[in-house]
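One letter stands for each residue in the lines below.
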Amino acid sequence: QAPVEDQSNPIALLDAVCVSSHRLQTPTLGILVACDSGIDQAYVDALAAQGRLFGGKNMQGARPGEVAAALLFADAAQSVLMGEGPFPSLHRASWGSREKSADERGRVSAELLGRLVGLALEASKIDALKILLVSADHDHNSSRESELAELLTEKFPELDVVKDAVKVAQACGSMHQVTTTAALCLAHQYAVDEQLPVLCTSLHDPHWRAAV
């Protein structure tokens, strides 16, 4: 597998691996690992000195935390060697960049995220009504919360933004980038346990959006 130039988003990275594997017809087996920690005093002090630490006077600040996640992936032939299935399938992903930063003042639109989710559903040939859970990588940021809520209202009106959307970073802190891998892992586990399709979205970044 040739190195992927842009490895900033795990969803795009996994999609590139899947496309390359299919195109070259090469046996594919790998593990995506991501980990980060931001709980030591020096890290917290640095956030505070920069005015970026979450608190009563800074509700949009970063929350210290840590996370480790790993996702094992393989092509259909290699999956057979791992034991009994069925195994969840990772479909083609969609991604793009917002024209306006989600951190700027004013209303945050979910138009791009909704379009990407629509493309992801088309690629997987899964009806939106069959999606009962959304796994997202954003933290407590209010603009991301409103963006996800708008998406659910538009695409999945039957889902509850609190009960039916897992927001991994709200449990393990503002460890952006790493939380995307954790969101993928939670989506995978849900698909394994419930044998149902699940949508994974990335919206922690001010501009980058992805869905799979």
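1. Some details on the side chain of S21
Then comes step 1: Among the secondary structure elements, S21 is positioned in helix α1 (residues 10-24).
Then comes step 2: If we skip the residues at most four places from it in the chain, S21 touches T26, T28 and D75.

2. Considering the packing of aromatic side chains
Each aromatic ring pair is characterised by the separation of its centres together with the angle its planes make.
Then comes step 1: Under the criterion given, the structure shown has 1 aromatic pair.
Then comes step 2: Measuring from centroid to centroid gives 6.2 Å for W95 and W208, while their planes differ by 25 degrees, and the two rings are stacked. Of this pair, W95 sits in strand β3 (residues 94-97) while W208 sits in strand β7 (residues 208-211); the two residues are 113 residues apart in sequence, bridging distant segments of the chain.
Then comes step 3: Residue W95 is classed as partly exposed on the basis of its relative accessible area, which comes to 35%.
Then comes step 4: Taking the ring centre of F54 as reference, the NZ or CZ of R63 above it sits at 4.2 Å.

3. What to know about empty space enclosed by the protein
Then comes step 1: Per the counting criterion, the structure on display carries 1 cavity of 30 Å³ or more.
Then comes step 2: Taken together, I11, L14, D15, L90, H91, A93, L184 and V212 make up the full set of residues lining the largest cavity.
Then comes step 3: Ranked by residue count, the leading element in the lining of the largest cavity is α1, at 3 residues.
Then comes step 4: Each residue belonging to the lining of the largest cavity can be placed in one class, and the counts come to 6 nonpolar, 1 polar and 1 charged.

4. Structural notes on the packing of α1 against helix α7 (residues 178-194)
Then comes step 1: At a closest axis distance of 9 Å, the pairing of α1 and α7 adopts a crossing angle of 65 degrees. Here P10, I11 and L14 of α1 lie close against α7, whose contacting residues are T180, T181 and L184.
Then comes step 2: The residue inventory of the contact of α1 with α7, partitioned by class, reads 4 nonpolar, 2 polar and no charged.

5. Looking at the layout of surface pockets
Then comes step 1: Quantified by volume, the largest pocket comes out at close to 1,300 Å³.
Then comes step 2: Lining of the largest pocket is provided by 42 residues; of these, F87, P88, S89, L90 and H91 occupy positions nearest its centre.
Then comes step 3: Elements represented by at least two residues in the lining of the largest pocket include exactly α1, β2 (65-74), α3 (76-80), α4 (111-124), α7 and β6 (199-202).
Then comes step 4: In terms of residue class, the lining of the largest pocket is made up of 28 nonpolar, 11 polar and 3 charged.
Then comes step 5: Here the second largest pocket defines a volume of roughly 310 Å³.
Then comes step 6: Surrounding the second largest pocket, 15 residues form its lining, Q60, A62, D139, N141 and H176 being those nearest its centre.
Then comes step 7: When its residues are assigned to classes, the lining of the second largest pocket shows 3 nonpolar, 7 polar and 5 charged.

Rules of the game
- Residues numbered from 1 in each chain as written.
- Predicted model: local features only at pLDDT ≥ 70, side-chain atom pairs only at ≥ 80, totals over all residues.
- Heavy atoms only, no water.
- Helix = DSSP H or I, 4+ residues; strand = E, 2+ residues; numbered from the N terminus.
- Contact = heavy atoms within 4.5 Å.
- Phe/Tyr/Trp six-rings, centres within 6.5 Å; stacked < 30°, edge-to-face > 60°.
- Buried < 20%, exposed > 50% of the residue type's maximum accessible area, 1.4 Å probe, protein only.
- Lys NZ or Arg CZ within 6 Å of the ring centre and 35° of its normal.
- 1 Å grid on protein atoms, 1.4 Å probe; cavity = no way out; pocket = protein on both sides within 12 Å on 5 of 7 lines; lining within 4 Å.
- Points joined across faces, edges and corners; volume = space filled by probe spheres on them.
- Nonpolar A, V, L, I, M, F, W, Y, C, P; charged D, E, K, R; others polar.
- Axes fitted to C-alpha atoms, helices over the stretch in contact; angles between N-to-C directions.

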